[in-house]
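# A structural walkthrough
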Amino acid sequence: MTQAAERAQAWLKAPYDTETQKATQALIDAGGDALNDAFYQDLDFGTGGLRGIMGVGTNRINKYTLGAATQGLANYLNKQFPDIQIKVAIAHDSRHNSKPFARQVAEVLSANGIKVFLYEDLRPTPALSFAIRHLDCQSGIVLTASHNPPAYNGYKVYWSDGGQLVPPHDKAVITEVRAVKADEIRYDANPDLIEMIGDAVDQAYLAKVKELSLSNQGKEDLSVVFTSIHGTSITLVPPALENAGFKKVSIVEEQATPDGDFPTVASPNPEEAEALTMALKQAEKLGADMVIGTDPDADRVGIAVRNLEGEMELLNGNQAASVLIYYLLERWKENGKLTGNEYVAKTIVTTDLIADIAKAYDVPCPECLTGFKWIADIIRQREGEATFIGGGEESYGYMIGDFVRDKDAVASAVMLAETAAYAKSQGSSFYEMMVEVYHKFGFYLEKLVSLKREGMKGQQEIAQMMEDFRTKTPATIAGEKIVEVLDYQSSEHRYVADNRTEAIDLPKSNVVQFVTDQGTKITARPSGTEPKIKFYVSVKGNLADTSEFAVRKAELEGRLEAITKELGL
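Residues numbered from 1 in each chain as written. Predicted model: local features only at pLDDT ≥ 70, side-chain atom pairs only at ≥ 80, totals over all residues. Heavy atoms only, no water.

Within the protein one finds 17 helices and 23 strands. Over its C-alpha atoms the protein spans a radius of gyration of 24 Å, differing by no more than 12% from the 25 Å that the globule rule assigns to 569 residues. The buried share of the protein, taken over its 569 residues, is 58%. In the protein, the proportion of contacts linking residues at least 24 apart, taken out of those at least 6 apart, comes to 69%. As displayed, the protein has an accessible area near 22100 Å², and 47% of this comes from carbon and sulfur atoms. Within the protein, one finds 59 positive and 81 negative side-chain charges whose respective centroids are separated by 2 Å. (Helix = DSSP H or I, 4+ residues; strand = E, 2+ residues; numbered from the N terminus. Rg over C-alpha atoms; globule rule 2.2 N^0.38 Å. Buried < 20%, exposed > 50% of the residue type's maximum accessible area, 1.4 Å probe, protein only. Contact = heavy atoms within 4.5 Å. Areas by Shrake-Rupley, 256 points an atom, 1.4 Å probe, with all protein chains shown as cover. Lys, Arg positive; Asp, Glu negative; His and termini not counted. Charge placed at Lys NZ, Arg CZ, Asp CG, Glu CD.)

Shown next, in the form of structure tokens:
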């Protein structure tokens, strides 16, 4: 009998319900990959908490794995805060089962004597992060699988600062979760400890978003097409844009209804061009200046703007973040708000252009591991000592200000639109501002290649690819000499020329990075939330004159193509 089959046997008796027992028996009878994938491991916390396919099994999202996670969290919270009434906020997205899962999680917490603030209906993830601090909670949970396919769901846990769990809490919670036996999960809810929340918290959040504004110029003239791609942002992005003064906002109505099947797209991910097809068509029909689209839990936002030829062009996360940070820093400087005690932040796989922009304004730009929980951790460490202006990561996530401690598509949608409106009011455009950034600070271009490898076999393939990347470092790539190797697993930064090493002062992570003599950076890392391995390639050049943009862009694209081809991607 395989290890997975042995683990599955435990699910054939109480406390597992009859329906679960039948489904487990069917998996055992069928055997093979389906059984192995469902039971070969326990779901683990990655960069985004628990995430997996819904169904029976220890490696699936279901009543029992969520129950164990919640019981473990409750046990940890009760140990950490023994002398107070613990409070936890809970939100959920538009996915199948998210609402009943959220209710069930609330019931388990209440059974453990914990006060719960449960959103009455679906809400964006950033609203949950905001609610934690607004309601003085010790923790928070959002039921979401972000932009994964419809079969997935997930469970993200936040700490009292409004950020996702980081060490030591993440591993400590998992330790508690793994110690929970199925018959120890408390389902005897205390309804008196569950309080529904909604509009009042929404209004407090929207007021904070409105306060971010640095200029009202051009807002009434900017034409925006917005799509929520069947997700939660429909609840807060339209009112946030209206509050900010935008008058010409057109919603893609076919995608405005929350729906866990995401019926109009192949994937509800604004990082993928296909997800914004309907919005782009609507923008062309209306002659709009900008398209804004968010993922189902409204932490990521994708945009399209008119390029130098007047055509709608999708921008990637590095481009949008760079222009946004430039706009924020320029307005802060213009408004006399830069005192020398501000900072921005980015992750290690995000464009170095952001750091170069910040340096020009004498604003520090600390770097952190992938995942916004690490940016939130930087803010927590500097709380009360320095002011966070904004930050971003290449995967279409941005945060402005610190009232939310996770990537925020609602506030980002408003501020990206403000950037475009300001540019238009100056006789320019968002795209022309991007070209101006390349001219002033350096022309960076990036490419992301994601390889999907599902199940236990896929996990093994990803591990082998990372091992090869780590141990078989080439001397050159596409004619560029590799001069630095950074291994975040061993915390070692090695300079190839003299084999000198420095310690990397970040938590250990399964990431390997090559830097070439041309300023190219190549990074490999397994996704923490999806069955993928990701390769990030960034090349750098100069744009001496904005009139040379097309030529220089083609050169950089050629370098990207040569590098990815040589890597076999």
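In this model, the second largest pocket occupies a volume close to 710 Å³. Taken together, 37 residues line the second largest pocket, and the ones lying closest to its centre are Asn316, Tyr396, Glu446, Lys447 and Leu448. Elements with a contribution of two residues or more to the lining of the second largest pocket: strand S11 (312–315), helix H11 (317–334), strand S16 (443–452), strand S22 (521–526), strand S23 (532–541) and helix H17 (549–566). Here the lining of the second largest pocket takes seven residues from S16, the largest share from any one element. Class assignment of the residues belonging to the lining of the second largest pocket gives a composition of 11 nonpolar, 12 polar and 14 charged. (1 Å grid on protein atoms, 1.4 Å probe; cavity = no way out; pocket = protein on both sides within 12 Å on 5 of 7 lines; lining within 4 Å. Points joined across faces, edges and corners; volume = space filled by probe spheres on them. Nonpolar A, V, L, I, M, F, W, Y, C, P; charged D, E, K, R; others polar.)

Before going further, it helps to examine the sheet that holds strand S4 (residues 139–143). Strand order in the open sheet made by the six strands is S1-S5-S4-S2-S3-S6, with mixed pairing throughout. The open sheet is flanked by strand S1 (50–53) and strand S6 (194–197), the only strands paired with a single partner. Neighbouring strand axes in the sheet, compared pairwise and without regard to direction, differ in orientation by 15 degrees on average. Relative to strand S5 (residues 152–159), S4 runs antiparallel, the two being bridged by five bridges. What sits directly across from Gly140, in S5, is Tyr158. (Pairing = 2+ DSSP bridges. Axes fitted to C-alpha atoms, helices over the stretch in contact; angles between N-to-C directions.)

Where helix H2 (residues 18–30) meets helix H3 (residues 32–39), the closest approach of the two axes is 7 Å, and the angle between their N-to-C directions is 130 degrees. The orientation of H2 relative to H3 falls into the category oblique. Relative to H3, H2 is oriented so that their crossing is left-handed. Contacts between H2 and H3 pair Thr24, Leu27, Ile28 and Ala30 from the former with Gly32, Ala34, Leu35, Ala38 and Phe39 from the latter. Looking at the contact of H2 with H3, its residues break down into seven nonpolar, two polar and no charged. (Parallel < 35°, antiparallel > 145°, perpendicular 65-115°, else oblique. Left-handed = near helix turned anticlockwise from the far one by under 90°.)

What follows is about the packing of aromatic side chains. Going through the model one piece at a time under the given rule, you end up with 18 aromatic pairs. With centroids separated by 5.5 Å and ring planes inclined at 85 degrees, the aromatic side chains of Trp11 and Phe39 adopt a geometry described as edge-to-face. A residue pair is termed long-range when its members are at least 10 positions apart, and Trp11 in the loop between helix H1 (3–9) and H2 and Phe39 in helix H3 qualify at 28 residues. Judged by relative accessible area, which is 4%, Trp11 ranks as buried. When its relative accessible area of 0% is taken as the criterion, Phe39 is described as buried. Judged by centre distance (5.5 Å) and plane angle (15 degrees), the rings of Phe443 and Phe549 are stacked. With Phe443 in strand S16 and Phe549 in helix H17, the pair connects residues that are 106 residues apart, well separated along the chain. Joined through ring pairs, the aromatic side chains of Trp11, Tyr16, Phe39 and Tyr64 make up one cluster. Over the ring of Trp332 we find Lys337, and its NZ or CZ is 4.1 Å from the ring centre. For Arg500, the ring lying beneath its charged end belongs to Tyr495, and the centroid distance is 4.1 Å. (Phe/Tyr/Trp six-rings, centres within 6.5 Å; stacked < 30°, edge-to-face > 60°. Lys NZ or Arg CZ within 6 Å of the ring centre and 35° of its normal.)

Along the chain, Thr70 falls in helix H4 (residues 63–80). Look at Thr70 and you get buried, because its relative accessible area is 0%. Leaving out residues up to four positions away in the same chain, Thr70 has contacts with Val105, Val108, Leu109 and Tyr155.

Compared with an ideal rise of 1.5 Å per residue, which puts 12 residues at 16 Å, helix H15 (residues 430–441) spans 16 Å between its outermost C-alpha atoms and is within 8% of the ideal. Within H15, burial applies to Phe430, Tyr431, Met433, Met434, Val435, Val437, Tyr438 and Phe441. Backbone geometry just downstream of H15 places Gly442 in the positive-phi region, at approximately 125 degrees. (Expected span 1.5 Å × (residues − 1).)

Hydrogen bonding along the main chain pairs the strands of a sheet, whether they run parallel or antiparallel. Pairing is mixed in the open sheet, where four strands are placed in the order S13-S12-S14-S15. Only two strands of the sheet have a single partner each, and these edge strands are strand S13 (367–368) and strand S15 (397–400). In this structure, strand S14 (residues 387–393) lies alongside S15, joined through four bridges in antiparallel fashion. Bridge pairing in S15 places Gly391 opposite Met399.

For the rest of this paragraph, the subject is the pattern of salt bridges. Throughout the structure, instances matching the rule amount to 40 salt bridges. In this structure, Glu176 and Lys79 form a salt bridge, with 2.6 Å as the shortest nitrogen-oxygen distance. Placement of the pair is Glu176 in helix H7 (residues 169–179) and Lys79 in helix H4, with a sequence separation of 97 residues. In this structure Glu176 comes out as buried when scored by relative accessible area, which is 14%. Look at the salt bridges and you will find they share partners, linking Lys156, Asp297, Asp299, Glu393 and Lys407 into a network. (Salt bridge = Lys/Arg side-chain N within 4 Å of Asp/Glu carboxyl O.)

Of note, the amide linkage connecting Ala14 to Pro15 takes the cis form, showing an omega dihedral of 10 degrees. Residue Pro168 follows Pro167 across a cis peptide bond; omega there is 5 degrees. By the element assignment, Pro168 lies in the loop between S5 and H7. Even without glycine at this site, Asn499 takes up a positive phi of about 60 degrees. By the secondary structure assignment, Asn499 is in the loop between strand S19 (492–495) and strand S20 (500–503).

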